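Descriptive analysis of the structure
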Amino acid sequence: MSAEPVAPGRLGGTLGAIAVPARMRATMLRRSLREHPGPTVAGLVGLLAAAWLNRYALRGDPHTLGLLAGAWVLGWIVLPLLLGGGRGRVRPAHLRLEPIGGVPAAIGLLAASAIGIGPAVSLVALAALPVHAARYGTVAVLVTASGAVLLWLLGLIGSAIALEVVGHAGGPAGALLTGIFTGTAMGVAGSLWAVFPWVSVLLVAAPQEVVRAMAYVPSAWPVAAVSGPTGQGVRRMAALVGIVALCAAAYIVLVRKVIAAGAPFRPRRTTAASPAAAEREWLGWVPAATRAVVGRELRAWARHPLRLQYLAFAVVYGALLAGLPLLSDVDLLLPWAGPLAVLGAAAMSAGLVGMDGTALWLPLTTPDGERAEVRGRALAWLVLVTPIGVLLTVAGILLAPDVDPLAALCTLPALLGAGAAVPVWVSLLRVRPVADPRHPTAADNPTDIVSVLVATGSGLVAAAPVLALVIWGPAEAAPLLPLVGLLSGAAAWRGGIWLADERLTRRGTDVLAAAGQRSRPPETVLPLTWDAQWYRENKSTAWALGLLTVGWIPVIPQGLMPLVFGIDSGWIVAGHLEGGVRTTVGLAMVGVGVAMLLTGLVLWDRRPQPGSPAQPAPPDDRSP
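Nothing here was measured: the structure is a model prediction, and the numbers come from that model.

A word on the overall build of the chain. Assigned secondary structure in the chain consists of 25 helices and zero strands. When burial is assessed residue by residue, the chain has 42% of its 624 residues classed as buried. Considering only residue pairs separated by 6 or more positions, the chain has 77% of its internal contacts joining residues 24 or more positions apart. For the chain, the exposed area adds up to about 32,000 Å²; of that, 68% sits on carbon and sulfur atoms.

In structure tokens:
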């Protein structure tokens, strides 16, 4: 009997298997939209952004348009990792029990991924490319439309690969991405004064350096293919097709591995030697108990998702605060990239004890374990952060050879000494436990504004002698700056270690009890809209929020920027003055800001807690 009649049946079975993930995704999406309006609101916001992009494409710069299209595709790939976009997706592991091969499964999963608000909005956004190409004729519209579809497929496949790989690689990869994303957002927000002028220039006409760089960015190739030479355009479109085909092949291999083994990668073996073994060679002068804590902490920094997220945030945030002013031709902050990153890492380390749960009972039951615990934590932080601070500082010096780096280099050891020791004391003083230390999530933030400000303030206090000598000291005192920085760092280290020793030795059981709690004390609920009654009943909390928000303005823009960096602007009061009056006004601004912040901290710490007599709990409406 011939096998030919069976082929249509097999083909129909394959097509039916391909359609299964799409039907599953459509059902999940329909139910999700009925229960949660969030995706619909996000889709409307995205549709407005896509409409603006299409409007810009009518008369905008082609290179800037390619940059915006690439940013859109990159956001499509990265943002679902940060916002939990993989929860409602059909994944390859869902098809392990289905009689389907790797290629049909990959096609079905991609078809399922294409069903949703995000892919539809992205297709509308990328339609800006053929809209821009309409000025070149019908053929150009068709070519750029094909390029837009290829970019859409690139975003679709890239998002599927990223969600599968990061989702099964564990928390560290997602934590690093989250830290990089949040650090970038905060860095851009902190440098708006430098970013806005550059963005306005970019929207009018892309600078030459951007034009040269866009020649290597795939999102700019569809428009460049119709506006440049024909041969070059053919090569660029062929390269774009090759990139999409390569990503599709990688996804097929990934799906096959998941269907066969249940995960894209084999679990990592844990039989390797502990990092503590390698540390014995270069930490021989440290007591054995302290070396053990150092090894444990370094291993935790390398594996704990929240620690990786905080470290990535601090590094990216510090680097962008120092580097983004280059967009406005300001390179004064580049040598300060290392000190800023160190200061951010210290602030983000001010609540790490809360993530350890009841593991703190080990040093409490070990002879002299408290001293080893405190010193091991501080030394591990120093070993981890010092190379980062030094590398960023040296990179900033190389990128800005005309800027005097002496102040930044001498401030670095002071910040390292304070950042290593003081956050250990702060995390023992203000313990904020996580819900489940074994399964931490991004929502388990063990720090609060008070801990962050205390850790940051300790670094600024340690660096104050160096900065004071730079600003007001005679030129002959410059050779003393390295010694002053080292002594300040050593003093801050010693003071933080002593405070942490006292806290853990005398109140260790209280710290352990606080870290072992499964739930935190109820937080003060802040209204998201104007509520006059709430502000009348919580005046101290409202004043604390206002002071902690506004208090940074006199300290940094009105005080430190004109005093330390000599940056003047129309709204900086000291920038309009000269000589001693300028210095006096700048110092007064710093004093006013510090007073506002300290007052805000005191009021915030004394705010009425939910359920307390000062703020009674809401009445229970249930009948007796």
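What follows deals with the side chain of Thr411. Summarising the element assignment, Thr411 is placed in helix H19 (residues 406-429). Note on Thr411: relative accessible area 2%, which makes it buried. The residues touching Thr411, leaving out its near neighbours within four places in the chain, are Trp336, Ala463, Val466 and Leu467.

Further remarks concern the packing of aromatic side chains. Applying the stated criterion across every chain, the model contains three aromatic pairs. Summarising the aromatic geometry, the rings of Trp76 and Trp152 are spaced 6.1 Å apart at their centres and angled 45° between planes, so their arrangement reads as tilted. In this pair, Trp76 is assigned in helix H3 (residues 62-83) and Trp152 in helix H7 (residues 138-168), connecting sequence segments 76 residues apart. As far as the burial class goes, Trp76 and Trp152 line up, both buried. An angle of 25° between the planes, with centres 5.4 Å apart, marks the rings of Phe313 and Tyr317 as stacked.

Moving on, we come to helix H9 (residues 192-204). Look at H9: 18 Å from first C-alpha to last across 13 residues, which is about the 18 Å you get at 1.5 Å a residue. Of the residues making up H9, those classed as buried are Ala194, Val195 and Leu202. Buried residues of H9 fall within an arc of 90° about the axis and therefore sit on the same side. Facing away from the buried surface of H9 by more than 90 degrees, the exposed residues are Phe196 and Val204.

A few words on the nonpolar core. Ranked by internal contacts, the top residues of the largest apolar core, which has 41 residues, are Leu65, Leu126, Leu129, Leu151, Tyr251 and Val255. At the level of secondary structure, the elements contributing two or more residues to this core comprise helix H2 (38-59), H3, helix H4 (102-113), helix H5 (117-126), helix H6 (128-133), H7, helix H11 (221-227) and helix H12 (230-261). The element that contributes the greatest number of residues to this core is H7, accounting for nine residues. Beyond its immediate sequence surroundings of up to four residues, Leu129 is in contact with Leu65, Ala69, Thr144, Ala148, Leu151, Pro222 and Val223. The next biggest cluster of nonpolar side chains, apart from the first, holds 33 residues, and it includes Leu311, Leu352, Leu412 and Val511.

We now examine the confidence of the model for the chain. The share of residues in the chain with pLDDT of 70 or more is 81%, and the mean pLDDT across the chain is 79. Predicted confidence is poor over residues 611-624, with pLDDT under 50, and the contacts of this stretch with residues over four places away or in other chains come to seven contacts.

Let us look at the pattern of salt bridges. Summed over all chains, the structure comprises nine salt bridges. Residues Arg377 and Glu373 are paired through a salt bridge, measuring 2.8 Å at the closest nitrogen-oxygen approach. Of the two residues, Arg377 and Glu373 both sit in helix H18 (residues 369-399), four residues apart, roughly one turn of that helix. Relative accessible area serves as the criterion here: at 3%, Glu373 is assigned to the buried category. Across the pair Arg375 and Asp501 runs a salt bridge whose closest N-O atoms are separated by 2.7 Å. Of this pair, Arg375 sits in helix H18 while Asp501 sits in helix H21 (residues 481-515); the two residues are 126 residues apart in sequence, bridging distant segments of the chain. Just as Arg375 is buried, Asp501 falls in that class too. Connected via shared salt-bridge partners are Arg296, Glu297, Arg307, Glu373 and Arg377.

Its place among the elements puts Ala239 in helix H12. The class of Ala239 is partly exposed, set by a relative accessible area of 33%. On a C-alpha basis, the gap between Ala239 and Pro218 in space is 8.4 Å, while along the polypeptide they are 21 residues apart.

Thresholds, definitions, all that
- Residues numbered from 1 in each chain as written.
- Predicted model: local features only at pLDDT ≥ 70, side-chain atom pairs only at ≥ 80, totals over all residues.
- Heavy atoms only, no water.
- Helix = DSSP H or I, 4+ residues; strand = E, 2+ residues; numbered from the N terminus.
- Buried < 20%, exposed > 50% of the residue type's maximum accessible area, 1.4 Å probe, protein only.
- Contact = heavy atoms within 4.5 Å.
- Areas by Shrake-Rupley, 256 points an atom, 1.4 Å probe, with all protein chains shown as cover.
- Phe/Tyr/Trp six-rings, centres within 6.5 Å; stacked < 30°, edge-to-face > 60°.
- Expected span 1.5 Å × (residues − 1).
- Arc of directions from axis to C-beta.
- Core = buried A, V, L, I, M, F, W, Y, C linked by side-chain atoms within 4.5 Å.
- pLDDT = per-residue confidence, 0-100.
- Salt bridge = Lys/Arg side-chain N within 4 Å of Asp/Glu carboxyl O.

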